[in-house]
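Architecture and fold: a report
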Amino acid sequence: MNHFTHLGDLSRDDIADLMKIAHLADTDRTWQPLAGRILGLVFMNPSLRTLASFQAGMARLGGSSFVITPGSSWALETREGVVMDGATAEHVREAIPVLASYADAIGVRAFAAGQDLAEDLAEPVMSLVRDISPVPLINMESAMDHPCQALADWKTLDDEGVPAAGGKFVLSWAKHPKALPLAVPAAAVHMAAHRGMDVTVLRPPGFELPEPVMARARAAADASGGSVIETDDREAAMTDAHVIYAKSWGSSMHYGDGEADAALRAGLDDWTVDEPWFKPARPDCIFMHCLPIRRNVVAADAVLDGPRSRVLGQARNRMLAQQAILHRLLA
Amino acid sequence: MNHFTHLGDLSRDDIADLMKIAHLADTDRTWQPLAGRILGLVFMNPSLRTLASFQAGMARLGGSSFVITPGSSWALETREGVVMDGATAEHVREAIPVLASYADAIGVRAFAAGQDLAEDLAEPVMSLVRDISPVPLINMESAMDHPCQALADWKTLDDEGVPAAGGKFVLSWAKHPKALPLAVPAAAVHMAAHRGMDVTVLRPPGFELPEPVMARARAAADASGGSVIETDDREAAMTDAHVIYAKSWGSSMHYGDGEADAALRAGLDDWTVDEPWFKPARPDCIFMHCLPIRRNVVAADAVLDGPRSRVLGQARNRMLAQQAILHRLLA
Amino acid sequence: MNHFTHLGDLSRDDIADLMKIAHLADTDRTWQPLAGRILGLVFMNPSLRTLASFQAGMARLGGSSFVITPGSSWALETREGVVMDGATAEHVREAIPVLASYADAIGVRAFAAGQDLAEDLAEPVMSLVRDISPVPLINMESAMDHPCQALADWKTLDDEGVPAAGGKFVLSWAKHPKALPLAVPAAAVHMAAHRGMDVTVLRPPGFELPEPVMARARAAADASGGSVIETDDREAAMTDAHVIYAKSWGSSMHYGDGEADAALRAGLDDWTVDEPWFKPARPDCIFMHCLPIRRNVVAADAVLDGPRSRVLGQARNRMLAQQAILHRLLA
């Protein structure tokens, strides 16, 4: 493994091996296999968990890291061939190889541009960064993917004993004041399918996931013995569910059109995940979310503060999963 | 000690022990009792000294740290039960346990909301953070307290040989263009009282400290043999003073009302601390301030650049006092 | 050497010694001569390379660092004697000694104020910082100097085998939408002259470098056997050149007057460095730039992506040159 940009690049056996490393990192604080190694973290968008979990995880393994944030530097250009007489002062074609030349591996976060769905589905920024990075690259969330979150979520499902074969995983759209990127839902639906689960995408009409995202998830399910369906029938979706994974996202129909998206979501007031949703589910159905989460909008306090919530465990697993990746790339 | 959120939680013997640790940290650069430990620093407000002194102090003890700043992340919600459809993207109920789960201890800075005095006196944010943090918590300045500053100031008074019993400590209001929080004056008056000093709060009419702040300081003085009084008579306050501790703060009468506060302070042009203030004081009276300080507004260049000023020593003691706290919480 | 604020403070023998240290830092990753040492990095302006290369370089040598950025703190006052009732909340007279008291060395970045050329040429901020820093100071770019860049560029010229005696170095003005500071061109012309090269400053009329900058470069050339001339004749300048070092800067004639500067540069559309520029040069003429660079404005993609470009090597040498400086100051 030279880079970690998509969970699908790892077989289920690879992932099982990484889980062992994650467990070792969690239980043996004296283990420092990355002493003297340097990780560069480049955020073109804000971060809380990702920044902290990478810095802490790298330090626990004996290494060091540096961080570039939007607030400490200038805007980076990502388009090819452009005449840079506008707001951006440096191109990633310089910034990435330069920062990589100080480090043994780099992590890069670059959210979707959010104007053209086909363009964002092609992952232009992360693909370019991957092409030009002279050191191993970790995708810290790109236009349509968030493999660190996916690997952490896989670990959480393992930790909870949720079955792979026969486990029912519901990815549900949720209420939110803004049209959010598709990276996490795209990563989550693929992750659960790759794990061999029976996946239902639950969303109101107009919020279908893009067909290439669904196709990739279905292909992963076919290979692992799982399944992927999509519905707006909440009762059917939640029936016998082991897991509901909540996340809001923008409408692909109105991609880049904030007003049309807002009109479409205006009436969707009952898409705040709350206790009654769980009635048809298995009694021990757990609640997952990648965070940050808007309380009493995406999910009710009762769910987040109740016994179903695994959101804190998911977040802690970010550090452990990333430590496993760092070990794989650098040790 | 599980947390360090208020100086009054430490007895004077505890503090004396911490001073020995601070001295050790200052004099033995090979001492690294926190090797492999991680400190998370969460700033909901800007910082210079606190960020640098915690990161440097932790590194000197062999440990590592990570920093979340307002500029690298998003606004955190602190109110309970709120429907988060506004500017805040994540609640401290998630952010704090998550960040704490990557660390062995966390520091949190959360200034006063500055709208409702009674609410800020109740320390709603720091109390909540304390309740939900799974690891030791350090208060890096809250609505009404700044215990790291207080402990550093205690050390500075010790370093200077200022007597506890019989030492006269003047906390003086000073000119400033804005209504500042009460955290430092509340911490300073309590610190000096807890140390057993004779404390005078000198301030113009309308800038009385809130009664609960004064009551807590008086209780500390009663227990330690000191005293606390309040006056607007500068000559009387400064007579025989060992120390003047300058600090500006907003009027409690007009809490949250910037215009009324500005009107009240408009005429107070002679509240810039300057050499003539020291005439009735002891000849060796020292000048203290927590920094940042506005030169020639809060105090004149002549004072800050003259032999009375101890502001740089106070700031350096931030690192040493915090190293003692980190050692106590983590070693 | 107590500080590193100007390359001219180092003899060519000193520089040769530093190059050996830089090579050692590059080739022996187990060499950690600065274990336990702390570097404070204070940025009054944004940074990408400088922040990352100092943090990575210090970590590779075994040490630690902390960073203050404009985004995490408040605006610092640099003028002397001012009544601070405006936008700045802390004076460097406090901030610098305080931050230095947590560290074994500090780096400071403070760009030109950009209003008064004579004042900026006097380097008021870096001089003040140098006077008040109790620990070794590294200039991370000041009003008129960037010695870390200059030392890295010297190493790049050595790496490339560009001759010192007889090597022809062209510093060329380039197109840019804004009037940029003079720090890098002033440092580059002096560096090449100090190295003993034949230096040509190529720029359109109105963009002459300030006479004190040229005089200092000529003095360095006189001492080292090099030469410095200035011209607007591109063909003559580029003839037999070993190196073209591109950089944009503002007009000294209209210093602080953005409109007049913009009018002067309005017609200069053919100052984007492109392949045809190299026709009269040596076939192996290399292209240098300090970065960040605006593609297809300062230089064409064809140059930056072609075989002449050494911009990535220059940037990597920032880390190695700075490691040598840190070793000299701290080991």
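Computed from a prediction, not measured in an experiment: that's the story for all the values here.

1. Here we look at the overall build of chain A
The secondary structure content of chain A amounts to 12 helices and 11 strands. By the compact-globule yardstick of 20 Å for 331 residues, chain A fits well, its C-alpha radius of gyration being 19 Å. Taken along the three principal axes of its C-alpha coordinates, chain A extends 55 × 50 × 35 Å. The 331 residues of chain A split such that 63% are buried. For chain A, long-range pairs separated by at least 24 residues make up 80% of all intrachain contacts whose partners lie at least 6 apart in sequence. Carbon and sulfur atoms provide 51% of the accessible area of chain A, an area that totals close to 11,000 Å².

2. Topic: the pairing of strand 10 (residues 243-247) of chain C
Residue and element names in this part refer to chain C. Strand 10 sits mainly inside the fold: 5 of its 5 residues count as buried. The side-chain alternation of strand 10 yields two buried faces, one formed by Val-243, Tyr-245 and Lys-247 and the other by Ile-244 and Ala-246. Direction of pairing for strand 7 (residues 168-173) relative to strand 10: parallel, over a ladder of 5 bridges. Across the sheet, the residue bridging to Val-170 is Ile-244, located in strand 10.

3. As for the packing of aromatic side chains
Scanning all chains against the criterion turns up 12 aromatic pairs over all chains. Ring geometry for Phe169(B) against Tyr245(B): centres 5.7 Å apart, planes inclined by 40 degrees, an arrangement best described as tilted. Note that Phe169(B) is positioned in strand 7 (residues 168-173) and Tyr245(B) in strand 10 (residues 243-247), a separation of 76 residues in sequence. Both residues of the pair, Phe169(B) and Tyr245(B), count as buried. A centroid spacing of 4.5 Å and a plane angle of 40 degrees characterise the contact between Trp173(B) and Phe207(B), whose relative ring orientation is tilted. One end of the pair, Trp173(B), is in strand 7; the other, Phe207(B), is in the loop between strand 8 (198-202) and helix 8 (211-224), with 34 residues separating them in the sequence. By the burial criterion, Trp173(B) is buried, and Phe207(B) matches it. Of the aromatic side chains, those joined through ring pairs into one cluster are Trp173(A), Phe207(A), Trp271(A) and Trp277(A). In this structure, Arg234(A) packs its charged tip against the face of Trp277(A), placed 3.8 Å from the ring centre.

4. Concerning the pairing of strand 2 (residues 64-68) of chain C
In terms of burial, strand 2 of chain C is a largely internal element, 4 of the 5 residues being buried. With respect to chirality, the unit in which strand 1 (residues 38-43) of chain C leads through helix 2 (residues 49-60) of chain C into the neighbouring parallel strand 2 of chain C is right-handed.

5. So, the relation of the copies chain A and chain C
For the pair chain A and chain C, the relating rotation is 120 degrees, the translation along its axis is 0.0 Å, and the fit reaches an RMSD of 0.0 Å. Expressed as a symmetry operation, the mapping of one chain copy onto the other fits a three-fold axis. Considering only C-alpha atoms, the part of chain A nearest the rotation axis is Gly71(A), at 3.2 Å. Here only 3% of the contact residues of chain A are again contact residues in chain C; the copies associate through non-equivalent surfaces.

6. Some thoughts on the pattern of salt bridges
This structure, assessed with the given rule, holds 69 salt bridges over all chains. The closest approach of N and O atoms between Glu211(B) and Arg218(B), which form a salt bridge, is 2.5 Å. A residue is classified by how much of its surface remains accessible, and Glu211(B), at 46% relative accessible area, is partly exposed. Arg218(B) sits in the partly exposed class, given a relative accessible area of 32%. Between Arg282(C) and Asp284(C) there is a salt bridge; the shortest N-O distance is 3.3 Å. Among the charged side chains, a network of salt bridges with common partners joins Glu94(A), Arg295(C), Asp301(C) and Asp305(C).

7. Here's the deal with the interface of chain A and chain C
In this complex, chain A contributes 32 residues to the contact, which on the side of chain C involves 32 residues. Roughly 2,500 Å² is buried in total at the junction of chain A and chain C, and carbon and sulfur atoms are behind 60% of that figure. When the buried area of chain A at its contact with chain C is split by residue, Trp74(A), Glu94(A) and Tyr102(A) rank highest and sum to 26% of it. The interface formed by chain A and chain C includes 3 salt bridges.

8. Notes on the domain arrangement of chain A
Residue and element names in this part refer to chain A. Considered domain by domain, chain A is made up of domain 1 (7-146 + 315-330) and domain 2 (161-309). For domain 1 versus domain 2, the distance between C-alpha centres works out to 25 Å. With 21 residues of domain 1 at the interface, the matching set in domain 2 holds 21 residues. Between domain 1 and domain 2 the total buried area reaches about 1,500 Å² when both faces are included, carbon and sulfur atoms providing 64% of it. The tally of links between domain 1 and domain 2 comes to 0 salt bridges. For the pair domain 1 and domain 2, the number of links is 2 residue pairs in polar contact (both at pLDDT 80 or more). Tallied by class, the residues present in the side of domain 1 that touches domain 2 amount to 9 nonpolar, 6 polar and 6 charged.

9. Here's the deal with the interface of chain C and chain B
Opposite the 32 residues of chain C that make contact, chain B presents 32 residues. Here chain C packs against chain B, burying approximately 2,500 Å² in sum over the two surfaces, 60% of which is carbon and sulfur. The partner of Arg295(B) in a salt bridge is Glu94(C), with the nearest N and O atoms 2.8 Å apart. Inspection of the chain C/chain B interface yields 13 residue pairs in polar contact (both at pLDDT 80 or more). Elements with a minimum of two residues in the side of chain C that touches chain B: strand 2, strand 4 (90-91) and helix 3 (92-100) of chain C. With 6 residues, helix 3 of chain C is the single largest residue contributor to the side of chain C that touches chain B. Residues that form the side of chain C that touches chain B fall into these classes: 16 nonpolar, 10 polar and 6 charged.

10. Details of the sheet that holds strand 8 (residues 198-202) of chain C
Residues and elements named next belong to chain C. With respect to topology, 5 strands assemble into an open sheet ordered 9-8-7-10-11, the strand pairing being parallel. Two strands in the sheet have a free side with no partner beyond their single neighbour: strand 9 (227-231) and strand 11 (286-288). Pairs of neighbouring strands in the sheet enclose a mean axial angle of 20 degrees, with direction left out of account. Each of strand 8 and strand 9 touches helix 8 (residues 211-224); the most contacted strand, strand 9, lies at about 145 degrees to it.

11. Let's talk about the sheet that holds strand 10 of chain B
Residues and elements named next belong to chain B. With parallel pairing, 5 strands are arranged side by side in an open sheet as 9-8-7-10-11. Either end of the sheet is taken by a strand with one partner, and the two such strands are strand 9 (227-231) and strand 11 (286-288). Adjacent strand axes in the sheet meet at a mean angle of 20 degrees when their direction is disregarded.

12. Observations concerning the side chain of Ser248(C)
Within the secondary structure layout, Ser248(C) lies in the loop between strand 10 and helix 10 (258-265). The buried category is assigned to Ser248(C), whose relative accessible area is 1%.

13. A short note on helix 7 (residues 183-194) of chain B
Because an α-helix completes one turn every 3.6 residues, residues spaced three or four positions apart along the sequence face the same direction. Residues and elements named next belong to chain B. Spanning 12 residues, helix 7 covers 16 Å between terminal C-alpha atoms, matching the ideal 16 Å at 1.5 Å per step. Ala-183, Val-184, Pro-185, Ala-186, Ala-187, Ala-188, Val-189, His-190, Met-191, Ala-192, Ala-193 and His-194 are the residues of helix 7 that are buried. Backbone geometry just downstream of helix 7 places Gly-196 in the positive-phi region, at approximately 95 degrees.

14. A closer look at helix 2 (residues 49-60) of chain B
Residue and element names in this part refer to chain B. If you check helix 2, its first and last C-alpha atoms are 16 Å apart, about what 12 residues at 1.5 Å a residue would give, namely 16 Å. Counting buried positions over the 12 residues of helix 2 gives 12, a clear majority of the element. Gly-62 occupies a position one or two residues after helix 2 and carries a positive phi of about 95 degrees.

15. Notes on the environment of Ala174(A)
Residue and element names in this part refer to chain A. Its place among the elements puts Ala-174 in the loop between strand 7 (168-173) and helix 7 (183-194). A relative accessible area of 0% means that Ala-174 is categorised as buried. Spatially, the C-alpha atom of Ala-174 lies 42 Å from that of Ala-35, the residues being 139 residues apart in sequence. Apart from the residues within four sequence positions on either side, Ala-174 is in contact with Lys-247, Ser-248, Trp-271 and Val-298.

Cut-offs used in this document
- Residues numbered from 1 in each chain as written.
- Chains lettered and ligands numbered in written order.
- Predicted model: local features only at pLDDT ≥ 70, side-chain atom pairs only at ≥ 80, totals over all residues.
- Heavy atoms only, no water.
- Helix = DSSP H or I, 4+ residues; strand = E, 2+ residues; numbered from the N terminus.
- Rg over C-alpha atoms; globule rule 2.2 N^0.38 Å.
- Buried < 20%, exposed > 50% of the residue type's maximum accessible area, 1.4 Å probe, protein only.
- Contact = heavy atoms within 4.5 Å.
- Areas by Shrake-Rupley, 256 points an atom, 1.4 Å probe, with all protein chains shown as cover.
- Pairing = 2+ DSSP bridges.
- Phe/Tyr/Trp six-rings, centres within 6.5 Å; stacked < 30°, edge-to-face > 60°.
- Lys NZ or Arg CZ within 6 Å of the ring centre and 35° of its normal.
- Right-handed = clockwise from strand over helix to strand, strands pointing away.
- Least-squares fit on C-alpha atoms with pLDDT ≥ 70 in both.
- Salt bridge = Lys/Arg side-chain N within 4 Å of Asp/Glu carboxyl O.
- Buried area = accessible area lost by both parts, 1.4 Å probe.
- Domains from an automatic or database assignment.
- Polar contact = N/O pair within 3.5 Å; in protein donor to acceptor, adjacent residues only side chain to side chain.
- Nonpolar A, V, L, I, M, F, W, Y, C, P; charged D, E, K, R; others polar.
- Axes fitted to C-alpha atoms, helices over the stretch in contact; angles between N-to-C directions.
- Expected span 1.5 Å × (residues − 1).

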